[in-house]
Amino acid sequence: MDTQNQLKLIIELYAAGRLAEAHQAIAPLVGAMPGDVRVFDLLHKMRMESIVNRQSEMLTDMQKHIRWMNSSIAQSLVQDMLRDPKYDNPLRLERFGYSVASQNEEDGMLTEVFRRIGVTSKTFFEFGVGTGLQNITMGVLLQGWSGAWIGQGGYGEWGWGGYGGGLIGLLVLFAAVALLFTARYPRGIFRLV
């Protein structure tokens, strides 16, 4: 195979994401085409992409490990706290904590609160949800609840998202704002929701 066809094959391997094969195929070209800028440029790009890919894998592994460590530390702190006599009351919510998508085991505590008081409407409204991936209402959303989130998104923009409700989510938003400012739930919206 001539050097031009070999270079074309390497570019095709590189474009297909087969970096290891492309890197092996380019090694003979470095000696066969000394000083060729295309070979040097392609080799440089492949090496840089390999480095970036490896760094990305390492960062992903580090994030998983840090999340696991944070969870372990939080669980250990709660267990230590519950050993303290002043927190010995069996009704304390910390005893019921577990996490589906919450940071500090609020999913289990929220479940226990609703077990105690009962559920009349499976509708939620939550402020400050960030991207929506880690909050206390994600767990109830997965259990068939519907509602609305308002908070700062992943890129700094503010907005609201209705989940499972469309118009109902919007009505819940209005009801929550009315409740916030009047300390009364608007009966007309309650009948609709």
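Report follows, based on the coordinates. Not measured: the values here are computed from a predicted model.

## What to know about the nonpolar core
For step 1, the next point in the chain: Residues Leu 7, Ile 10, Leu 13, Leu 19, Ala 22, Ala 25, Ile 26, Leu 29, Val 39, Leu 42, Leu 43 and Met 46 constitute the largest nonpolar core, which totals 12 residues.
For step 2, the next point in the chain: Secondary structure elements with two or more residues in this core: helix 1 (3-15), helix 2 (19-32) and helix 3 (37-83).
For step 3, the next point in the chain: Top contributing element to this core by residue count: helix 2, with 5 residues.
For step 4, the next point in the chain: Counting residues in each nonpolar core, the second largest holds 7 residues, with Ala 101, Val 129, Met 138 and Val 140 among its members.

## Things to note about the pattern of salt bridges
For step 1, the next point in the chain: This structure, assessed with the given rule, holds 5 salt bridges.
For step 2, the next point in the chain: It is possible to trace a salt-bridge network through shared partners that takes in Glu 112, Arg 115 and Arg 116.

## Here's the deal with the environment of Tyr 87
For step 1, the next point in the chain: When you line up the elements, Tyr 87 lands in the loop between helix 3 and helix 4 (106-117).
For step 2, the next point in the chain: When sequence neighbours within four positions are dropped, the list of residues in contact with Tyr 87 reads Met 81, Leu 82, Arg 92 and Arg 95.

## Structural notes on helix 1
For step 1, the next point in the chain: Between its first and last C-alpha, helix 1 extends 18 Å over 13 residues, near the 18 Å set by a 1.5 Å rise per residue.
For step 2, the next point in the chain: Along helix 1, the residues classified as buried are Gln 6, Leu 7, Ile 10 and Leu 13. For helix 1, the arc enclosing every buried residue in end-on projection is 120°, short of the 170-degree limit, so these residues lie on one face. Opposite the packed face of helix 1, turned more than 90 degrees from it, sit the exposed residues Lys 8 and Ala 15.
For step 3, the next point in the chain: Packed against the buried residues of helix 1 are helix 2 and helix 3.

## A short note on the environment of Leu 13
For step 1, the next point in the chain: By secondary structure assignment, the location of Leu 13 is in helix 1.
For step 2, the next point in the chain: The buried category is assigned to Leu 13, whose relative accessible area is 10%.
For step 3, the next point in the chain: Separated by 12 residues in the primary sequence, Leu 13 and Ala 25 place their C-alpha atoms 9.1 Å from one another.
For step 4, the next point in the chain: Dropping the residues within four chain positions of it, Leu 13 is found in contact with Arg 18, Glu 21 and Ala 22.

## Considering the packing of helix 1 against helix 2
In a packed pair of helices, the relevant descriptors are the angle between the two axes and the axis-to-axis distance.
For step 1, the next point in the chain: Packing of helix 1 against helix 2 leaves a shortest axis separation of 8 Å and a crossing angle of 155°. With respect to helix 2, the axis of helix 1 lies roughly antiparallel. For the element pair helix 1 and helix 2, the recorded crossing hand is left-handed. On the side of helix 1, the interface is formed by Thr 3, Gln 6, Leu 7, Ile 10, Leu 13 and Tyr 14, while helix 2 contributes Leu 19, Glu 21, Ala 22, Ala 25, Ile 26, Pro 28, Leu 29 and Ala 32.
For step 2, the next point in the chain: The class makeup of the residues in the contact of helix 1 with helix 2 is 11 nonpolar, 2 polar and 1 charged.

About the cut-offs
- Residues numbered from 1 in each chain as written.
- Predicted model: local features only at pLDDT ≥ 70, side-chain atom pairs only at ≥ 80, totals over all residues.
- Heavy atoms only, no water.
- Core = buried A, V, L, I, M, F, W, Y, C linked by side-chain atoms within 4.5 Å.
- Buried < 20%, exposed > 50% of the residue type's maximum accessible area, 1.4 Å probe, protein only.
- Helix = DSSP H or I, 4+ residues; strand = E, 2+ residues; numbered from the N terminus.
- Salt bridge = Lys/Arg side-chain N within 4 Å of Asp/Glu carboxyl O.
- Contact = heavy atoms within 4.5 Å.
- Expected span 1.5 Å × (residues − 1).
- Arc of directions from axis to C-beta.
- Axes fitted to C-alpha atoms, helices over the stretch in contact; angles between N-to-C directions.
- Parallel < 35°, antiparallel > 145°, perpendicular 65-115°, else oblique.
- Left-handed = near helix turned anticlockwise from the far one by under 90°.
- Nonpolar A, V, L, I, M, F, W, Y, C, P; charged D, E, K, R; others polar.

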